[in-house]
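Here are the chains, one letter per residue:
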2 protein chains.
Amino acid sequence: MKLSSKSRYAVMALVDLARFDDIYPVSLRDISLRQGISLDYLEQIFSKLKKNEIVKSIRGTQGGYVLNKNPNDIKLTNIFHAVDEKVKTVQCKKESKRGCNGKATKCITHNLWDELEIHINTFFENKSLEDLIRNNKQTRV
Amino acid sequence: MKLSSKSRYAVMALVDLARFDDIYPVSLRDISLRQGISLDYLEQIFSKLKKNEIVKSIRGTQGGYVLNKNPNDIKLTNIFHAVDEKVKTVQCKKESKRGCNGKATKCITHNLWDELEIHINTFFENKSLEDLIRNNKQTRV
DNA sequence: TCTAAACTTGACCAATTTAGTCAGGTATGT
DNA sequence: ACATACCTGACTAAATTGGTCAAGTTTAGA
Ligand code: FES
Ligand code: FES
């Protein structure tokens, strides 16, 4: 059960970006330097964030990225969904009536994993970028 | 963020076992057949469960495995720990003062991931095998 | 108008992890 | 003795991860 670097980077980058994007667009190069994330990798990540309308891009010199929504409306769920991070605790297809090992009914632990999945997703749904910025501003001098 | 099959199987097998182990030892072969899990794989898993004193083994004909503790004292945490499933949301070494990308301080999202880890682990600590058996008995006719 | 900064896209890859299989054992109730 | 069932370690194919690399396109500013 671990979180991928891609997701961790996505959130890191967005928190970094959110601190300045109201002043000027933030370039990936800056984020890369400040957060120590590979520029090429960031580009992959932001391409997805853009497709999911979490950020907007501004091309050309002095360009960069800007948030496309209010930080309060960007939940962890949205970010994770954008970069294809998914919480997968069950093995079976959720929609199907069939169980994991090809059985006709759900297995004896199915409900447990389902509960777990909901437990985790709840955390993601309740946490917004706004929360993270606030938290981070507090720790800055 | 996904749960490994090994962990899922471990819990499945223990729930299966717990339903009969007060009557007679349960062989892995039976569990394998009932739950559709590879016997060889189960053996790996039970070797670890035994090392962690979650089950006891009884060798020879009519042998099998039996729980080594009260189902109420076997938490998901214990099972996961036994099969080396670990929740890992931060990238850095927890004990160290250093951050992930080799920086001298913790990164801007460190606290968030730490919170997430606690959130998930809490679920594991509160859920016992007893809970699962009870739940499963209800769904049996 | 030229140029450099910055976004855009897609291919490629090494290392690790996962989810097992396989091939041998050893212990013991009947 | 022998079948049953535990025990152990080596091995591996496939998927995933965490990137790199190369070759663009767009646009602000000199
Ligand atoms: S996990 Fe859904 S049926 Fe087993
Ligand atoms: S995750 Fe701990 S410092 Fe970045």
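Reading guide: rules and limits
Residues numbered from 1 in each chain as written. Chains lettered and ligands numbered in written order. Predicted model: local features only at pLDDT ≥ 70, side-chain atom pairs only at ≥ 80, totals over all residues. Heavy atoms only, no water. Helix = DSSP H or I, 4+ residues; strand = E, 2+ residues; numbered from the N terminus. Buried < 20%, exposed > 50% of the residue type's maximum accessible area, 1.4 Å probe, protein only. Contact = heavy atoms within 4.5 Å. Lys, Arg positive; Asp, Glu negative; His and termini not counted. Charge placed at Lys NZ, Arg CZ, Asp CG, Glu CD. Phe/Tyr/Trp six-rings, centres within 6.5 Å; stacked < 30°, edge-to-face > 60°. Near = heavy atom within 4 Å. Polar contact = N/O pair within 3.5 Å; in protein donor to acceptor, adjacent residues only side chain to side chain. Nonpolar A, V, L, I, M, F, W, Y, C, P; charged D, E, K, R; others polar. Salt bridge = Lys/Arg side-chain N within 4 Å of Asp/Glu carboxyl O.

### Re the overall build of chain A
Along chain A, the regular secondary structure elements total 6 helices and 2 strands. In chain A, the order of α-helices and β-strands from amino to carboxyl end is α-α-α-β-β-α-α-α. If one aligns the C-alpha atoms of chain A with their principal axes, the spans along those axes are about 60 × 30 × 25 Å. Put simply, chain A has 141 residues, and 44% of those count as buried. At a minimum sequence separation of 6, the contacts of chain A that also span at least 24 residues come to 59%. Seen as two clouds, the 25 positive and the 17 negative side-chain charges of chain A have centres 5 Å apart.

### A word on the packing of aromatic side chains
Taken as a whole, this structure holds 10 aromatic pairs over all chains when the rule is applied. The interplanar angle of 90 degrees and the centroid separation of 5.9 Å between the aromatic rings of Tyr9 of chain B and Tyr41 of chain B together place this pair among those described as edge-to-face. Pair noted here: Tyr9 of chain B is in helix α1 (residues 5-18) and Tyr41 of chain B is in helix α3 (residues 39-51), with a separation of 32 residues, a long-range link. Feature note: the residues Phe80, Phe123 and Phe124 of chain A together with Trp113 of chain B constitute an aromatic cluster, connected by ring pairs.

### Here's the deal with the protein's contact with DNA strand C
Lining the immediate environment of DNA strand C, one finds 25 residues, of which Lys50 and Tyr65 of chain A together with Ser38, Gln44 and Arg59 of chain B sit closest. Counted by atom, the contact set of DNA strand C within 4 Å of the protein is 58% sugar and phosphate. A distance of 3.4 Å is found between a phosphate oxygen of DNA strand C and a backbone nitrogen or oxygen belonging to Leu28 of chain A. Separating a phosphate oxygen of DNA strand C from a side-chain N or O atom of Tyr9 of chain B is a distance of 3.0 Å. Elements represented by at least two residues in the surface near DNA strand C include exactly α3 (39-51), β1 (55-58) and β2 (64-67) of chain A together with α1 and α3 of chain B. For the surface near DNA strand C, the class distribution of residues is 6 nonpolar, 14 polar and 5 charged.

### So, the pattern of salt bridges
Taken as a whole and judged by the stated rule, the model has 16 salt bridges over all chains. A salt bridge links Glu117 of chain A to Lys94 of chain A; the shortest N-O distance between them is 2.6 Å. Separated by 23 residues along the polypeptide, Glu117 of chain A in helix α5 (residues 110-126) and Lys94 of chain A in the loop between α4 (76-82) and α5 bring together distant segments of the chain. We classify Glu117 of chain A as buried; its relative accessible area is 8%. A salt bridge links Arg34 of chain B to Asp16 of chain B; the shortest N-O distance between them is 2.7 Å. Taken together, the residues span a long stretch of sequence, with Arg34 of chain B in helix α2 (residues 28-35) and Asp16 of chain B in helix α1 at a distance of 18 residues. Owing to a relative accessible area of 0%, Asp16 of chain B belongs among the buried residues under this scheme.

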